[in-house]
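Close look at the chain arrangement
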Amino acid sequence: MRLAFIGTGYVGLVTGTCMAEMGHDVICADIDKKKIQNLKKGIIPIYEMGLEELVERNIKEGRLTFTTDIRHAIEESEVVFNAVGTPEDKKTGQADLQYVFAVAESFGKYINKYKIFVNKSTVPVGTAEKVSAIIKKYNKKNIEFDAVSNPEFLREGAAVKDFLNPDRVVVGVSSERAKKVMEKIYKPIARIGRPIVFTDVKSAEIIKYASNAFLATKISFINEIANFCEKVGGNVKEISKGMGLDSRVGNRFLQAGIGYGGSCFPKDVKALIHTGKENGYEFKIASAVDEVNQKQKLRAFQILKNRMKNLKGKNVTLWGLSFKPRTDDIREAPSLDTTENILAMGGNILAFDPVAEENMKKNFRTKKIKYFSNPYLALKNSDVLMIMTEWDEFRNPDYEKMTRLMRGKIIIDGRNVLDRSEAESEGFEYFGIGV
Ligand code: NAD
């Protein structure tokens, strides 16, 4: 089938490319000229395992093209996937839908035969109705269309694998005609036995927020247990294991640490709370989850401040900047708040991240942060090591080398990746989160 993806970010690029891999003809469109120019040359703007190879192959085999011409992308396609950002409005917490509505306007203007508008972006319940109204306003010839909700559940860091082998695909439709087309698009996924769950449009929109809010709840819950352990004793790692082996609880999203970040959980939890309010419903659990997380993101810095008192002239090493391993995405990462606070207290930062350095540099233009190409180089003359992201390469550090390089012997392990007894037996003062 001929598909267009409007918005070629993490979601648009990965899902568009994977759809091409599944045999569809895909046009990925974006208003960012530089991004599209680069993609045409095979330069990928994000770090995502396995993506580069797929982009290259599908361009070569003629199934994947890139353009800034939104009109062309819409006119040429049978189905238009909207994959633009829905960032948080920092004042209200609601999802900012201006980019989605701009795509709906273009769809209405350029529709030239029956087409489907698919919302892949995460959008609050009721958005499909608003999108339909916008399309109708600009669709002067009254050409038939359907608006479908098809939220995306891929995880950055494993996005290609998640898209091609998902736990499920959720599709909210309001017509049999749209359902048939969506079934055809996802046939290769159904063929490998993955469930395609068809619902009404509103349920699909809510499933996405409910899923993210639930996962965020697990994280904030275990973080509270970790904080409690710090007061009363007990080891949250043991507790997670003991809880997670109960199949009703499950062991995933039960690792305590310095909170969740990224481009989804923080904004989606807030947007759910806001949509609740707008509709006369108070989401008490989601509000608590958000509140706990905001505090938790500062936990590592609090430990640092309590221990060091004064950071003037001190060197603090950050291992990991991205919000989670295997991605270069630093949106809402705990490393951002931590960095701001350390700099405000006069400290210097020595940073290492395998892939997120460039994104960090866009956020902080200061000589007080120095970047290194290897974790040990970032330890030279350091007073404290803070582990901000659980990259695998931090799990087995060479303590002897660390001792030789560092000025101080303090480790603040924000992700509980090290073993307290091992670090202490090597003479380090170790702080974890509830361990
Ligand atoms: P992103 O910021 O990486 O990409 C959005 C892209 O849309 C940008 O390249 C931007 O230039 C482009 N764009 C904006 N307005 C446009 C327009 N009018 N026409 C064409 N292009 C336009 O965002 P993302 O992380 O890919 O997220 C997209 C949506 O998917 C969001 O709603 C997000 O919540 C959701 N989502 C993200 C993830 C994730 O892991 N990143 C997972 C699931 C769902």
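Going by the structure above, here's the rest.
Since this is a predicted model, take the numbers as computed values, not measurements.

1. Things to note about the nonpolar core
The biggest cluster of nonpolar side chains holds 40 residues, and the ones touching the most others in it are Leu3, Met19, Val79, Phe81, Met182, Ile185 and Tyr186. Counting residues per element, this core draws most heavily on helix H1 (residues 10-21), at six residues. If near-sequence neighbours (up to four positions away) are discounted, tyrosine 186 is found in contact with Met19, Phe81, Lys120, Asn150, Phe163, Val169, Val171 and Ile196. Core analysis: the second largest hydrophobic core is formed by 34 residues, Ile222, Leu254, Leu336 and Ile342 among them.

2. With respect to the state of the cysteines
Summed over the entire model, instances satisfying the criterion amount to zero disulfides. Left without a disulfide partner, cysteine 18 is nearest to the cysteine sulfur of cysteine 28, which lies 10 Å away. Judged by relative accessible area, cysteine 18 falls into the buried class, the value being 0%. Not engaged in a disulfide, the cysteine cysteine 264 finds its nearest cysteine sulfur in cysteine 18; these two sulfurs lie 16 Å apart. Overall, cysteine 264 belongs to the partly exposed group, its relative accessible area being 30%.

3. As for the packing of helix H10 (residues 201-232) against helix H11 (residues 236-244)
Between two packed helices, what matters for the description is the angle formed by their axes and the separation of those axes. Direction vectors running N to C along H10 and H11 enclose 135 degrees, while the axes themselves pass 9 Å from each other. Comparing the axis directions of H10 and H11 gives the class oblique. By crossing handedness, the relation of H10 to H11 is classed as right-handed. Residues Phe221, Ile222, Ile225, Ala226 and Cys229 of H10 form the contact with H11, whose participating residues are Val236, Ile239, Ser240 and Met243.

4. Digging into helix H8 (residues 176-185)
Because an α-helix completes one turn every 3.6 residues, residues spaced three or four positions apart along the sequence face the same direction. Considered for burial, the residues of H8 that qualify are Ala178, Val181, Met182 and Ile185. Taken end-on, H8 shows its buried residues confined to a sector of 95 degrees, consistent with a single buried face. Along H8, the residues that are exposed and aim more than 90 degrees away from the buried face are Glu176, Lys180 and Lys184.

5. Topic: the packing of aromatic side chains
All told, the structure shown has 10 aromatic pairs when counted by the stated rule. Arranged with centres 6.1 Å apart and planes meeting at 40 degrees, the rings of phenylalanine 253 and phenylalanine 265 form a pair that is tilted. Here phenylalanine 265 lies in helix H12 (residues 265-278) and phenylalanine 253 lies in the loop between H11 and H12, a separation of 12 residues in the sequence. Residue class for phenylalanine 253 comes out partly exposed when judged on its relative accessible area of 26%. Through successive ring pairs, a cluster of aromatic residues spans Trp319, Phe352, Tyr376 and Phe394. Arginine 177 extends its terminal NZ or CZ atom over the ring of tyrosine 114, reaching a point 3.5 Å from the ring centre. The side chain of lysine 361 reaches across the aromatic face of tyrosine 371, ending 5.1 Å from its centre.

6. Notes on the environment of isoleucine 44
Residue position: isoleucine 44 is located in the loop between helix H2 (33-40) and helix H3 (51-60). Spatially, the C-alpha atoms of isoleucine 44 and glutamate 56 are 9.7 Å apart, while their sequence positions differ by 12 residues. What isoleucine 44 contacts, discounting residues up to four positions off in sequence, is Leu13, Leu39, Leu51, Glu52 and Val55.

What counts and what doesn't
Residues numbered from 1 in each chain as written. Predicted model: local features only at pLDDT ≥ 70, side-chain atom pairs only at ≥ 80, totals over all residues. Heavy atoms only, no water. Core = buried A, V, L, I, M, F, W, Y, C linked by side-chain atoms within 4.5 Å. Buried < 20%, exposed > 50% of the residue type's maximum accessible area, 1.4 Å probe, protein only. Helix = DSSP H or I, 4+ residues; strand = E, 2+ residues; numbered from the N terminus. Contact = heavy atoms within 4.5 Å. Disulfide = S-S within 2.5 Å. Axes fitted to C-alpha atoms, helices over the stretch in contact; angles between N-to-C directions. Parallel < 35°, antiparallel > 145°, perpendicular 65-115°, else oblique. Left-handed = near helix turned anticlockwise from the far one by under 90°. Arc of directions from axis to C-beta. Phe/Tyr/Trp six-rings, centres within 6.5 Å; stacked < 30°, edge-to-face > 60°. Lys NZ or Arg CZ within 6 Å of the ring centre and 35° of its normal.

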